[in-house]
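So the chains spell out like this:
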Amino acid sequence: MSIKENLQKIKNTLPHNVTLVAVSKTKPVEDILEAYHAGQRIFGENKIQEMVDKHEVMPKDIQWHMIGHVQTNKVKYMAPFVSLIHGVDSLKLLKEINKQAQKLDRTIDCLLQLKIAEEDSKFGMAFAEAKALLLSEEFNAMKHITVVGVMGMATFTEDDVQIKAEFTKLKTAFESLKKIQTANCKLQTISMGMSSDYEIAIACGSTMIRVGSSIFGERNYN
Ligand SMILES: *Cc1c(COP(=O)(O)O)cnc(C)c1O
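Computed from a prediction, not measured in an experiment: that's the story for all the values here. As a convention, each chain's residues are numbered from 1 in the sequence order in which they are written. Totals for whole chains, interfaces and linings use all residues, but because this is a predicted model, local features are given only for residues with pLDDT of at least 70 and pairs of side-chain atoms are given and counted only at 80 or more. Each side-chain value is derived from all of the structure's non-hydrogen atoms; neither hydrogens nor water enter the calculation.

Attention now moves to the overall build of the chain. Secondary structure elements follow DSSP: runs of H or I of four or more residues count as helices, runs of E of two or more count as strands, with numbering from the N terminus. On a plain count of helices and strands, the chain comes out with ten helices and eight strands. For 222 residues, the compact-globule estimate of 2.2 N^0.38 gives 17 Å, and the C-alpha radius of gyration of the chain, at 17 Å, lies within 12% of that figure. The principal-axis extent of the C-alpha atoms belonging to the chain is close to 50 × 40 × 35 Å. Throughout this description, buried means an accessible area under 20% of the type-specific maximum (1.4 Å probe, protein chains only), exposed means over 50%, and partly exposed covers the range between. Buried positions account for 51% of the 222 residues belonging to the chain. For the chain, restricting intrachain contacts to residue pairs at least 6 apart in sequence, the fraction spanning at least 24 positions comes to 61%. By the counting rule applied here, Lys and Arg register as positive and Asp and Glu as negative, while His and the ends of each chain are not counted. A charged residue contributes its charge at one atom only: NZ of Lys, CZ of Arg, CG of Asp or CD of Glu. Counting 28 positive and 27 negative side-chain charges, the chain places the centres of these two groups 5 Å from one another. Every radius of gyration here is taken over C-alpha atoms, with the globule rule written as 2.2 Å times N^0.38, N being the number of residues. Contact definition: two residues touch when any of their heavy atoms are within 4.5 Å.

And the structure:
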């Protein structure tokens with residue numbers, strides 16, 4: 001099937017409140033353009049330099065989401081155009097995003113990445129850590145970022161029961177953190193679900209899925 005057909009097939013099954021981020025990492029601009037011409041406007045990348053390069057040559061009405069782990073020293077390169085940063089996992093990183101956004105006189109939307117997987121390899125904050133951050137004075141003083149939700153990744157496993165338990169953990173954390181409402185904390189988005197598990201994620205309350213290989217095909221890493 002073509003990229004356009006893959007995209008339409010997925011979009012046809014999505015509830016209205018679920019946003020699709022087309023994950024285009026490692027894929028050439030021709031592939032992204034094919035999805036663009038099929039109507040897709042939100043794309044996710046996991047490397048800042050790659051996203052910057054693609055942003056330069058692609059149509060300017062694309063919303064670029066940074067879904068990967070962010071190094072503090074590279075925030076400045078994406079700050080002028082990034083539309084949502086999914087993987088925010090420390091106050092230090094938020095501070096840098098706020099600083100770069102301030103220089104540009106803009107506000108950058110962020111998601112806090114929570115650790116929900118049992119496996120060790122995944123990034124993310126513990127629930128208590130995220131809560132403490134959102135309640136801190138230091139965070140409240142940041143005028144150029146808005147935390148609009150949470151993001152999480154389930155364990156890479158075939159065990160649907162475990163995946164479901166992990167996504168439910170994120171949904172529960174979201175509902176609890178949502179009670180914190182300040183000028184720069186307005187939780188509305190739960191980013192969870194990828195090609196292999198987005199249907200489970202939606203059943204568990206996801207409002208934003210990040211799908212790559214089911215749209216663009218398998219990735220080749222060299
Ligand atoms: C690569 C990636 C995805 C998409 O993965 P697929 O299995 O290709 O759908 C989603 N989220 C993050 C954080 C990723 O790095």
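To continue, consider the environment of E129. With respect to the helices and strands, E129 occurs in helix α6 (residues 127–135). Remark: the alpha-carbon pair of E129 and I97, spanning 32 residues in sequence, is separated by 19 Å.

Attention shifts here to the site of the ligand. The criterion for a residue being near a molecule or strand is simple. One of its heavy atoms has to lie within 4 Å of it. Taken together, V23, K25, I67, M151, M153, M194, S195, R210, V211, G212, S213 and R219 make up the full set of residues adjacent to the ligand. Think of a polar contact as two N or O atoms within 3.5 Å of one another; within protein, one of them needs to be a possible hydrogen donor and the other a possible acceptor, and neighboring residues in sequence only count if both atoms come from side chains. Separating an oxygen atom of the ligand from a side-chain N or O atom of S195 is a distance of 2.5 Å. One nitrogen or oxygen atom from the side chain of R210 is found 2.9 Å from a nitrogen atom belonging to the ligand. Residue composition of the shell around the ligand, grouped by class: six nonpolar, three polar and three charged. Throughout, the ten residues Ala, Val, Leu, Ile, Met, Phe, Trp, Tyr, Cys and Pro are labelled nonpolar, Asp, Glu, Lys and Arg are labelled charged, and all others, Gly among them, are labelled polar.

Turning to the pairing of strand β1 (residues 19–23), a few remarks are in order. Taken across its five residues, β1 has four buried, putting it largely inside the fold. When DSSP locates at least two bridges between a pair of strands, those strands are taken to pair. Note that β1 and strand β8 (residues 208–211) share four bridges and pair parallel. Bridge pairing in β8 links A22 to V211. Taken together, β1, helix α2 (residues 29–37) and strand β2 (residues 42–45) constitute a β-α-β crossover, and its handedness is right-handed. Seen with the strands pointing away from the viewer, any crossover whose path from the first strand over the helix to the second strand runs clockwise is right-handed.

By the secondary structure assignment, Q162 is in helix α8 (residues 160–177). When sequence neighbours within four positions are dropped, the list of residues in contact with Q162 reads E118, T155 and T157.

Okay, the packing of aromatic side chains next. Given two aromatic rings, their pairing is described by the distance between the two centres and the angle made by the two planes. Aromatic pairs are defined between Phe, Tyr and Trp rings, using the six-membered ring for Trp, whenever the two ring centres lie within 6.5 Å; interplanar angles under 30 degrees are classed as stacked, those over 60 as edge-to-face, and all others as tilted. For the coordinates displayed, the defined rule picks out one aromatic pair. When the ring of F43 is compared with that of W64, the centres are 6.1 Å apart and the planes differ by 40°; the resulting orientation is tilted. Here W64 lies in strand β3 (residues 63–66) and F43 lies in strand β2, a separation of 21 residues in the sequence. Taken as a pair, F43 and W64 share a single burial class, namely buried. In our convention, an over-ring charge means Lys NZ or Arg CZ found within 6 Å of a ring centre and within 35 degrees of that ring's normal. Stacked on the ring of Y36, the Lys or Arg R41 has its end atom at 3.6 Å from the ring centre.

Glancing now at the pattern of salt bridges. Pairing between side chains becomes possible if they bear opposite charge and their charged atoms approach one another. We count a salt bridge whenever a side-chain nitrogen from Lys or Arg sits within 4 Å of a carboxyl oxygen from Asp or Glu. The full count for this structure, using the stated rule, is seven salt bridges. As a salt-bridge pair, E96 and K99 come within 4.0 Å of each other at their nearest N and O atoms. Residue E96 and its partner K99 are located together in helix α5 (residues 91–103), separated by three residues, close to a single helical turn. The exposure class assigned to E96 is buried, which follows from its relative accessible area of 14%. The shortest N-O distance in the salt bridge between K171 and E175 comes to 2.8 Å.

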